[in-house]
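Given next are the chains, with one letter for each unit.
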Amino acid sequence: MKPFAYARPGDVAEAVRDVAAEPRAVFLAGGTNLVDHLRLGVARPDLVVDVRTLTSREVTDLPDGGLRLGAASTNSQVAADPRVRERWPVLAQALLAGATGQLRNMATTGGNPLQRTRCVYFQDVTTPCNKREPGSGCSAVGGYTRYHAVLGTPGALPDANAPETCIATHPSDMAVALAALDAQVQVLGPAGERTVPFPELHRLPGDDPSRDTVLEHGELITAIDLPALPVGTRSAYRKVRDRASYAFALVSVAAVVTPDGELRLALGGVAHKPWRATRAEEVLRGQQLTEDAVRAAIAAELAAAQPQPGIDSGNGFKIPLVARTVLATVRGLLPEEQS
Amino acid sequence: MTDLLEPRAIGQDLVRRDGELKVRGTATYAYETPVEHPAYAHPVQATIARGRVTAMDTAAAEALDGVLAVLTPFNAERLASTEDAEYAVLQGQDVGFRGQLIGVVVAETSELAREVADGITVRYEEQPHDAELSADRPDLYAPEQVNAGHETDTAEGDVAAAMAAAEMTLERTYSTAMYHNNPLEPHATTALWEPAGDGFLTLWDSTQGVHPDRAAVCQVFGLEQEQVRVVCPYVGGGFGSKGLPHANVMLTALAARALPGRPVKLALTRQQMFFLAGYRTPTIQRMQLAADSRGRLSAIAIDVVEQTSKVKEFAEQTGVPTRMMYASPNRRSTHRLAALDVPIPSWMRAPGECPGMFGPEVAMDELAEELGIDPIELRVRNEPEVDPETGKPWSSRNLVRCLREGAERFGWSGPRAHRDGDWLVGTGVASSVYPTMRQATSTANLRYEDGRYVAEIGAADLGTGAWTILPQITADALGVDVADVDVRIGDTRYPVASVAGGSSGTNTWGSALVVAAREFRTKFGADPRDGDEASGDVDQAGQDDTHAPYAFGAQFVEARVNADTGEVRVPRLLGVFGVGRVINPRTARSQLIGGMTMGLSMALHENSAWDPRVGQVANHDLAEYHITVNADVGEVEAHWIDEHDPYVNAMGSKGIGEIGIVGTAAAVVNAVHAATGVRVRHLPVTLDKLLTALP
């Protein structure tokens, strides 16, 4: 591993200043992904700034009935919090669907959404990857695409040599639930504080696949707020994967149904970012939430989906799998008489 | 016939003698060997799949503080023998597969060695590579023989004519994936050359056989056996991948030779194991079955296509079990290989039998379905009276008893499919088989010492139980309490022992121990004196060549498929085996359920996703190469019948390390078919292969 300097500053403001001042600096929280990357050579920072003890570990009530998750609260802690389990079960379920007990004890609220893709080519420094090494090309196109995107991609077979090509998916389960919940991300940066709506935190590859989020260099997540939900709201997370535990999602679904029948829907394992299914939500707006309506809505969402060919028949199976999983998940949230 | 030992210690449920050390974390593994002032090595690997290394820029690396040696094809010493191309590390500039060893950095810390190794700039003359297996390649060839010395092709009667004449025929193609052994303990070595002269080499190496390991190293370095000691008391799993040393051992010895007097440690990373530690070839199996309407086979044939490396040939004996499993007058088996620019395949738990019982056992289920016959009954109707391959009588063959008892225990009768809420449920069965093998070489030494009997033999315990069961065998052979017996293993200072492979360890080493014990009693009687000593060779043990020795078994599976998503769960695996006399039920059960669980893993999860464009396994780490985890494993039951076999050895035991993985994947596929109607002929059974058939 490349030698780096390690700093543990006195407060978050100092940490932000340290990272902002050094172009090759990174924040370290739980380290469950970054430490792997240091070993693999995927991340080669000059300076590692440890913020784990600087941000809050607390989960606190907000005046409007919401909940603030301090950036250093752990995934285990949030998943076990009775308030989260009762009022935002989709989040507790998503957290418990991710990783393993040991990893969840280390992983944090601030760090989990910023983990990077598990695209096998991104993680192997001997193969070209636009995300890891901008301009080097995309090895995933036509390769091992089982865990890759079907939404938000430029086409069925993007140009592997183009510098903007990236068909990676975001791996976090937690992030899919937070996208469905319209969580708010509290950020401290060199220019001060700002709030980023969670669905806008992650980005599509655009012309720069190396950037996963809209955060600027030196910006630090200090907390994530869960907005209050109307009483009687039901929510659930369903993760479909290749083995029963300790595997990333092939597809996952976070669904929130409010008492007046509004569906909020986010998908995991299908795009470069946690995919808020806004098209499906629009189609359903004002409609009775029936199975047929949901089926039609998800079909509209998937109309633009692009299967990626590749090893072991590629990932075209994700398109029907998303539709089936959304339907099964929403069915479980509907009142008896509607399902 | 052999006089079987009277079982007193044999059959007892004794705890593992090495268990406490392992639980406490004080058992010493190869990389942890306490040595003075070790140095650390990290390999440089080729990043092309075919071509030549034309230059390596090592000047900056060599100048770094803390870097002790940088070896490349351009400066490494010439080895005494390059006959085995896998072992000819750094002996030439040619690259035969991606990930091949092309250098090594030795440094004061492992972190520094790794960083420097990864930073060395290599220039190549790259050539187009050829790394994609298919059954219709024009360059498939027949190897001279297949693994374990089996014939490449066999034929009897006329399969084509039988197929043309039969009331029912079945022709199907099945395939198994590429698999990597992935023992928990990586391939690791600590090597120390004593400084003086030609020196003496000590290797603390994670191996399934210290003596075979030593023999290979001696040949490569041109050393006498007396100049090399290999030590390996504990092994964190091998599954065949440590059966013979791989190139990493030679590289470590080479690196240590550059630093005489300084121990050098090298442990492969998990990622490197996907290039350097062997793997099971993918197999393509074309099956043909012909039968009458009652299910009596008139033809059985398997034509196998698989891959090897251009660097070194390994031909998995996939077609072998089809030769002896069921009765049929017309039979054929063939093996064809594609030699590719790929890493070198090797042994993985039950080479031959494991992949080779997939196609046939799914085909038998398909035939049973076509004929409307219960799949157990179909197998019973094709039970051969003698070994169809050799014509010899069986030493014991209790497949039918295993099937019947398994059916009873599992609750086989009744419908094979039903729906339970969101889950489609089905059951499946398949047969298991594994030959009972004994190696030609092994010697045990037995000494009376301070009132205890101490046996020494260079055997290996991969987690199998050898530390525990060899004393049980020795105690019964001596007629003493097992508590009075110590057996020392895992060191070439002890008498020569064969590899722990082919499920032959207990048979081979146990037989040598029995000979030694009998010799000891003959020489010294029942009341020996301190220092009395005798030895025994396995070749002095009686060997019956007039019978065909095999273990058999039957595996039953309940599979549940989610009706919405196609996710597969297997809440129940049940196996019944005929494995002769069980030496220790605790370690035996562990071997059998371990094999079955690995078979479940093969059925549902394991798949080295080969990227032929790059020439490597795309998912080359344990996050992405999925091995069945606890949450995937429900009830796993292993039972054995009371089986008396007087022909196999003095213990009456058959090998049990591998039979558990044989047949499991077929039983899973057959159960999933019952649940969904989908016959998954290409492993693994992943949900995408089931989606279109779901309600």
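All values reported here derive from a predicted model rather than from experimental measurement.

J.: Even after reading the chapter, I still don't get the overall build of chain B, so can you show me in this structure?
T.: Across its full length, chain B carries 15 helices and 26 strands. For 695 residues, the compact-globule estimate of 2.2 N^0.38 gives 26 Å, and the C-alpha radius of gyration of chain B, at 26 Å, lies within 12% of that figure. If you line up chain B on its principal axes, its C-alpha atoms span 75 × 70 × 50 Å. Counting only residues that meet the buried cut, chain B has 65% of its 695 residues in that class. Taking all contacts inside chain B whose residues are at least 6 apart in sequence as the whole, residues at least 24 apart take part in 81%. Of the roughly 23900 Å² of accessible surface on chain B, 48% is carried by carbon and sulfur atoms. Here chain B carries 60 positive and 94 negative side-chain charges, and the mean point of each set is 2 Å from the other.

J.: So what exactly am I meant to see when it comes to the sheet that holds strand S1 (residues 5–7) of chain A here?
T.: Residues and elements named next belong to chain A. In spatial order, the strands read S1-S3-S2; together these three strands make up an open sheet with parallel pairing. What marks the edges here is a single partner per strand, and that holds for S1 and strand S2 (25–28). Strand-to-strand twist across the sheet, computed as the mean angle between neighbouring axes with direction ignored, equals 25°.

J.: Explain the sheet that holds strand S23 (residues 568–578) of chain B to me, please; I cannot follow it from the model alone.
T.: Strand pairs in the sheet, formed through backbone hydrogen bonds, run parallel or antiparallel to each other. Residues and elements named next belong to chain B. Strand order in the open sheet formed by five strands is S16-S17-S22-S23-S26, with mixed pairing between adjacent strands. The open sheet terminates on both sides in strands that have one partner only, identified here as strand S16 (417–420) and strand S26 (633–640). Across the sheet, the mean angle separating the axes of adjacent strands is 20° when strand polarity is ignored. Across four bridges, the pairing between S16 and strand S17 (residues 423–435) is antiparallel. Bridged to aspartate 420 within S17 is tryptophan 423.

J.: Honestly, helix H9 (residues 358–371) of chain B in this entry has me stumped. Any pointers?
T.: In an α-helix, one turn spans 3.6 residues; hence positions three or four apart end up facing the same way. Residues and elements named next belong to chain B. Taking 1.5 Å of rise per residue, 14 residues should cover 20 Å, and H9 covers 20 Å from first to last C-alpha, within 8% of that figure. Among the 14 residues that make up H9, twelve are buried, leaving the element largely enclosed by the rest of the structure. Buried within H9 we find Phe358, Gly359, Pro360, Glu361, Val362, Ala363, Met364, Asp365, Glu366, Leu367, Ala368 and Leu371. Where H9 ends, the next residue or the one after it, glycine 372, has phi of about 70°, a positive value.

J.: Is there a simple way to explain the domain arrangement of chain B in this structure?
T.: Interface size is commonly expressed as the accessible surface area that is lost when the partners come together. Residue and element names in this part refer to chain B. When the domains of chain B are assigned, the result is domain 1 (19–27 + 442–540), domain 2 (33–127 + 189–230 + 251–258) and domain 3 (147–179 + 280–436 + 547–693). On a C-alpha basis, the centroid separation for the pair domain 2 and domain 3 is 39 Å. The partner domain 3 presents ten residues to the eight residues of domain 2 that form the contact. Summing both partners gives a buried area of about 860 Å² for domain 2 against domain 3, and 56% of it is carried by carbon and sulfur. The largest per-residue losses of area from domain 2 upon contact with domain 3 belong to Glu86, Phe97 and Arg98, which jointly make up 55% of the total buried on that side. At the surface where domain 2 touches domain 3, the tally comes to three salt bridges. Ionic pairing is found between arginine 50 and aspartate 341, a salt bridge with its closest N-O pair at 3.2 Å.

J.: Which parts of the structure should I look at to understand the side chain of Asp621(B)?
T.: Note that Asp621(B) resides in the loop between strand S25 (616–617) and S26. Buried within the structure, Asp621(B) lacks any salt-bridge partner; its nearest side chain of opposite charge belongs to Arg118(A), at an N-O separation of 7.8 Å. Polar side-chain contacts of Asp621(B) include one of 3.0 Å to the backbone nitrogen of Ala623(B). The contacts of Asp621(B), once residues within four sequence positions are left out, are Gln123(A), Arg270(B), Gln271(B) and Phe274(B).

J.: Looking at this structure, I do not really get the interface of chain A and chain B. What am I missing?
T.: Residue-level contacts link 39 residues of chain A with 38 residues of chain B. Summing both partners gives a buried area of about 3000 Å² for chain A against chain B, and 50% of it is carried by carbon and sulfur. Taken together, chain A and chain B are joined by four salt bridges. Its salt-bridge partner being Asp564(B), residue Arg331(A) comes within 3.5 Å of it at the nearest N-O pair. Scanning the region where chain A abuts chain B turns up 19 residue pairs in polar contact (both at pLDDT 80 or more).

J.: Would you explain unusual backbone geometry in this entry?
T.: With the exception of glycine, the majority of residues adopt a negative phi angle, and the majority of peptide bonds are in the trans configuration. Note the cis peptide between Leu683(B) and Pro684(B), where omega equals 0°. Even without a glycine there, the phi angle at Ser313(A) is positive, about 70°. Structurally, Ser313(A) is set in the loop between helix H9 (291–301) and helix H10 (318–331). By relative accessible area, Ser313(A) is classed as exposed at 71%.

What counts and how
Residues numbered from 1 in each chain as written. Chains lettered and ligands numbered in written order. Predicted model: local features only at pLDDT ≥ 70, side-chain atom pairs only at ≥ 80, totals over all residues. Heavy atoms only, no water. Helix = DSSP H or I, 4+ residues; strand = E, 2+ residues; numbered from the N terminus. Rg over C-alpha atoms; globule rule 2.2 N^0.38 Å. Buried < 20%, exposed > 50% of the residue type's maximum accessible area, 1.4 Å probe, protein only. Contact = heavy atoms within 4.5 Å. Areas by Shrake-Rupley, 256 points an atom, 1.4 Å probe, with all protein chains shown as cover. Lys, Arg positive; Asp, Glu negative; His and termini not counted. Charge placed at Lys NZ, Arg CZ, Asp CG, Glu CD. Pairing = 2+ DSSP bridges. Axes fitted to C-alpha atoms, helices over the stretch in contact; angles between N-to-C directions. Expected span 1.5 Å × (residues − 1). Domains from an automatic or database assignment. Buried area = accessible area lost by both parts, 1.4 Å probe. Salt bridge = Lys/Arg side-chain N within 4 Å of Asp/Glu carboxyl O. Polar contact = N/O pair within 3.5 Å; in protein donor to acceptor, adjacent residues only side chain to side chain.

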